[in-house]
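# What the coordinates show
Single-letter residue listing:
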Amino acid sequence: VSSDLLVSFEELLMTYYNDDDVIKLPTVQYFADKLYLSPNYLSDMLKSLTGMSTQQHIHNYLIEKAKELLSSTELSVSEIAYQLGFEYPQSFNKLFKNKTEMSPLAFRESFN
């Protein structure tokens, strides 16, 4: 049951970002509702399976998606931030730098 939960969560996360209508960051509550669980239970289950909370999974997915866009498109950092659902590009920059220890622009420049 536990690993099924992880698979279902990851599929929901990918589906959320494959939808062209993404306009805001997904919340733990959103995924909990889709899986018919409480947010705390979902986070507890994911943490026991992977060592990471739901929020950490969401952030890691965002960073991977951002890296993919930074390395394969000409979109500006702001456009990528908005595409991922960030209301403010500064919030995206801060999360990216916090997770990767480099700015999105520095990450993109490392490919040139």
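All figures in this text were calculated on a predicted structure; none of them were measured in a lab. (Residues numbered from 1 in each chain as written. Predicted model: local features only at pLDDT ≥ 70, side-chain atom pairs only at ≥ 80, totals over all residues. Heavy atoms only, no water.)

## Looking at the packing of helix α1 (residues 2-18) against helix α4 (residues 54-72)
Remark: α1 packs on α4, axes separated minimally by 11 Å, with the N-to-C direction vectors making an angle of 45°. Regarding the angle of α1 to α4, the classification is oblique. The hand of the α1/α4 crossing is right-handed. Where α1 abuts α4, its residues Leu 6, Phe 9, Leu 13, Met 14, Tyr 17 and Asn 18 lie against Thr 54, His 57, Ile 58, Tyr 61, Leu 62 and Lys 65. (Axes fitted to C-alpha atoms, helices over the stretch in contact; angles between N-to-C directions. Helix = DSSP H or I, 4+ residues; strand = E, 2+ residues; numbered from the N terminus. Parallel < 35°, antiparallel > 145°, perpendicular 65-115°, else oblique. Left-handed = near helix turned anticlockwise from the far one by under 90°. Contact = heavy atoms within 4.5 Å.)

## With respect to α1
For α1, with 17 residues, the first-to-last C-alpha span of 24 Å sits near the 24 Å given by 1.5 Å per residue. Within the span of α1, buried status applies to Leu 5, Leu 6, Phe 9, Leu 13, Tyr 16 and Tyr 17. Along the long axis of α1, the arc covered by the buried residues comes to 100°, so they all point the same way. Turned more than 90 degrees away from the buried face of α1 sit Asp 4, Thr 15 and Asn 18, all of them exposed. Where the residues of α1 are buried, they touch α2 (28-34), α3 (39-50) and α4. (Expected span 1.5 Å × (residues − 1). Buried < 20%, exposed > 50% of the residue type's maximum accessible area, 1.4 Å probe, protein only. Arc of directions from axis to C-beta.)

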